[in-house]
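What follows is the residue order along each chain.
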Amino acid sequence: MTAVETYILNLEEPQRGILEYLHQLLMANPEVTCNIRYKIPFYSRKSWVCYTNPRDGGIELAFIQGAELSNEQGLLQARGRKMVTGVVFYAVDDIPEAALLEVIQEALLLDEVAPYNGPKGSRNS
């Protein structure tokens, strides 16, 4: 069992189910990897693309370069952050899969053409 799988199993419902669902969506992309960073799951391709974080009884899916995404779907909120945008889900049934997949694909494309350089003073591996 991976560290991410252990992390997911240690969550309570409904957060566990939400994160399992989001994890499966993200990992369906063959080039995406997931590791625990800063005590939460981070998803990467060439660089960090997004992370999931328990928040307010739900799970936030936050995109590292979210401010650069079009947000045509209207899902993403900055919540006072300059670069990161995300969306909080409180139930699996509330996840608009088609719209979310569009956001994920756009984030992966952005990562392909302009990978995130990582936080100042650290490596992004």
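Below, the structure is looked at part by part. Note that residues are indexed from 1 along each chain, following the sequence as it is written. For this predicted model, a pLDDT threshold of at least 70 governs which residues receive local features, and a threshold of 80 or more governs which side-chain atom pairs are given and counted, while totals over whole chains, interfaces and linings are taken from all residues. For the side-chain quantities, the full set of heavy atoms in the structure was used; hydrogens and water were omitted.

Turning next to the overall build of the chain. For the chain, the helix and strand inventory stands at 3 helices and 5 strands. Across the chain, helices and strands are ordered from the amino to the carboxyl terminus as α-α-β-β-β-β-β-α. Here the globule rule reads 2.2 Å times residues to the power 0.38, and the radius of gyration is calculated from C-alpha atoms. The C-alpha atoms of the chain give 14 Å as radius of gyration, which agrees with the globular expectation for 125 residues (14 Å, within 12%). Counting only C-alpha atoms, the chain reaches 35 × 30 × 30 Å along its principal axes. Each residue is placed in one exposure class: buried if its accessible area under a 1.4 Å probe, protein chains only, is under 20% of its type's maximum, exposed if it is over 50%, and partly exposed if it falls in between. Taking all 125 residues of the chain together, 45% fall into the buried category. Contact definition: two residues touch when any of their heavy atoms are within 4.5 Å. Of the contacts made within the chain by residues no fewer than 6 positions apart, 53% connect residues no fewer than 24 positions apart. The average position of the 11 basic charges and that of the 16 acidic charges among the side chains of the chain differ by 13 Å. Each helix is a run of DSSP H or I of at least 4 residues and each strand a run of E of at least 2, with the numbering of both proceeding from the N terminus. Working convention for charge: Lys and Arg count positive, Asp and Glu count negative, and His plus the chain ends are omitted. Where a charge sits is defined by one atom per residue type, namely NZ (Lys), CZ (Arg), CG (Asp) or CD (Glu).

Close approach of charged atoms lets side chains of opposite charge pair. Salt bridge, as used here: a side-chain nitrogen of Lys or Arg that lies within 4 Å of a carboxyl oxygen of Asp or Glu. Enumeration according to the criterion identifies 8 salt bridges in this entry. When the shortest N-O distance is used, the salt bridge between Arg-16 and Glu-13 registers 3.8 Å. Given a relative accessible area of 24%, Arg-16 falls into the partly exposed group. In this structure, Arg-55 and Glu-60 form a salt bridge, with 3.5 Å as the shortest nitrogen-oxygen distance. Connected through shared salt-bridge partners, Arg-55, Asp-56, Glu-60, Arg-79 and Arg-81 make up one network.

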